[in-house]
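Fold and contact review
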Amino acid sequence: MNEQEIISLIRLRDEKGIEELLTHYGPLMRYIIAPILQSPEDREECLSDVAMRVWEKINYFDPKQGKWTAWLTAITRNTALNRARKNAADTAQEIPPEMPSREITPEESVLKKERAAALTRAIKQLSSNEQTLFYRKYYYMQSTEQIASEMGFSLRAVEGKLYRVKKKLRKMLGGEADD
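Residues numbered from 1 in each chain as written. Predicted model: local features only at pLDDT ≥ 70, side-chain atom pairs only at ≥ 80, totals over all residues. Heavy atoms only, no water.

**With respect to the layout of surface pockets**
The following threshold applies: Cavities and pockets were defined on a 1 Å grid built from protein atoms only: a cavity is a group of points that admits a 1.4 Å probe but offers it no way out, a pocket is an open group of points flanked by protein on both sides within 12 Å along at least five of seven lines, and a lining residue is one with an atom within 4 Å of any such point. Grid points are joined across faces, edges and corners, and a volume is the space filled by probe spheres set on the points. Labels follow the DSSP assignment, with helices taken as runs of H or I lasting at least four residues and strands as runs of E lasting at least two, numbered in each case from the N terminus. Charged residues are taken to be Asp, Glu, Lys and Arg, nonpolar residues to be Ala, Val, Leu, Ile, Met, Phe, Trp, Tyr, Cys and Pro, and polar residues to be all remaining types, Gly included.
Quantified by volume, the largest pocket comes out at close to 240 Å³. Around the largest pocket, the lining comprises 13 residues; the ones closest to its centre are Thr69, Ala70, Thr73, Tyr139 and Tyr140. Elements supplying a minimum of two residues to the lining of the largest pocket: helix 2 (15–33), helix 4 (68–91) and helix 6 (128–139). By residue class, the composition of the lining of the largest pocket is eight nonpolar, three polar and two charged.

**A look at the environment of Ile36**
Put simply, the rule is: A simple rule labels every residue: compare its accessible area, found with a 1.4 Å probe on the protein chains alone, to the largest value its type can have, and call it buried under 20%, exposed over 50%, or partly exposed in between. In what follows, residue pairs with any heavy atoms lying within 4.5 Å of each other are defined as contacts.
Structurally, Ile36 can be placed in the loop between helix 2 and helix 3 (40–57). The class of Ile36 is buried, set by a relative accessible area of 10%. Residues Ile36 and Gly175, spaced 139 residues apart in sequence, show a C-alpha to C-alpha distance of 29 Å. When near neighbours in sequence (up to four residues on either side) are disregarded, Ile36 contacts Arg77, Ala80, Leu81, Ala84, Tyr140 and Met141.

**Describing unusual backbone geometry**
Here Arg13, not a glycine, exhibits a phi torsion of approximately 65°, which is positive. Tracing the backbone through its elements, the reader meets Arg13 in the loop between helix 1 (3–11) and helix 2. In this structure, Met141 takes a positive phi of about 55° despite not being glycine. Checked against the element boundaries, Met141 lands in the loop between helix 6 and helix 7 (144–151).

Okay, structure coming up:
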């Protein structure tokens, strides 16, 4: 079954669409979830959560705005990160009342958005290989070992390349390029 058929089934609210989603894209989703969540139980629950989110959000997918796999991987990654944050919050200790608020101010929010936009522009200026390394390490949170193994590089080569990518980004963003 192809991508379009799966999307159509899910849009028609046919449960076979979710079965096919998990059959065809389950390995990709597990691959994205694995570095983010350590517990096998959390990983499987997250996979179920992703399927449910796809079911609920399918009408937001627009092929004119991007590829199906990009949309699916973004949902998978965000769902895994949300679960990881929830797990961390559940294990956090009681915060003393005298602690300052962690709420972000409107000014900080604007600055954060501006920095994110600048980083996105800078990343687009990187070569395809540099972008791949950056996204695998910092967006998909893959280990350096996994990246090295799957891309056919030594561990030191990946570390060096990542160092140079970060240095290049710092320079593009106006920060100190020398370490």
